[in-house]
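Here are the chains, one letter per residue:
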Amino acid sequence: QVQLVESGGGLVQAGGSLRLSCAASGSIFSINAMGWYRQAPGKQRELVAASGGSTNYADSVKGRFTISRDNAKNTVYLQMNSLKPEDTAVYYCNAVIRTLQPTGSIIRNYWGQGTQVTVSS
């Protein structure tokens, strides 16, 4: 089994910064991509940033957020600067992971439990 565990969420004032971390563990053969999603009340879950063959950001966070990875630790980070109240949401880590089975390998998405980020005015 594979597990993703997020940390680093909390309360911060507008203009402040937070850094989220997500560590993957388990029977991992390879990680093809890792990313961050968020979901606010009344809204669908949306992609915030992703790191795979290239790096991708939502327009709303470009210039403020930075995604990075430590492959040796199977960990992805999200550095969030110049936070706005509109960034308030539950942030979820996602990873596309290949695992080995007795007859071959499979690849699928895994999700973390989510971490709350609240930005006050």
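Our structure's up above, just so we're on the same page.
Residues numbered from 1 in each chain as written. Predicted model: local features only at pLDDT ≥ 70, side-chain atom pairs only at ≥ 80, totals over all residues. Heavy atoms only, no water.

## Focus on the side chain of S21
Then step 1. Relative to the assigned elements, S21 resides in strand β3 (residues 18-26).
Then step 2. With near-sequence residues (within four places) excluded, S21 lies in contact with V5, E6, S7, W36, V76 and Y77. (Helix = DSSP H or I, 4+ residues; strand = E, 2+ residues; numbered from the N terminus. Contact = heavy atoms within 4.5 Å.)

## A closer look at the side chain of N94
Then step 1. Looking at the element boundaries, N94 is found in strand β9 (residues 89-101).
Then step 2. By relative accessible area, which is 6% here, N94 ends up buried.
Then step 3. At 3.2 Å, the side chain of N94 and the backbone oxygen of Y110 are in polar contact.
Then step 4. Once residues lying within four places of it in the same chain are set aside, the contact partners of N94 are L4, A33, M34, G35, Y37, N109, Y110 and W111. (Buried < 20%, exposed > 50% of the residue type's maximum accessible area, 1.4 Å probe, protein only. Polar contact = N/O pair within 3.5 Å; in protein donor to acceptor, adjacent residues only side chain to side chain.)

## Section: the pattern of salt bridges
Then step 1. Taken as a whole and judged by the stated rule, the model has 5 salt bridges.
Then step 2. Measuring nitrogen to oxygen at the nearest pair gives 3.0 Å for the salt bridge that ties D87 to R38. Linking D87 in the loop between β8 (75-80) and β9 with R38 in strand β4 (residues 30-39), this pair joins segments that are 49 residues apart in sequence. Taken as a pair, D87 and R38 share a single burial class, namely buried.
Then step 3. Between D59 and K62 there is a salt bridge, with the nearest N and O atoms lying 3.2 Å from each other.
Then step 4. On the basis of relative accessible area, D59 is assigned to the exposed category, the value being 65%.
Then step 5. Look at the salt bridges and you will find they share partners, linking R38, K43, E46, R64 and D87 into a network. (Salt bridge = Lys/Arg side-chain N within 4 Å of Asp/Glu carboxyl O.)

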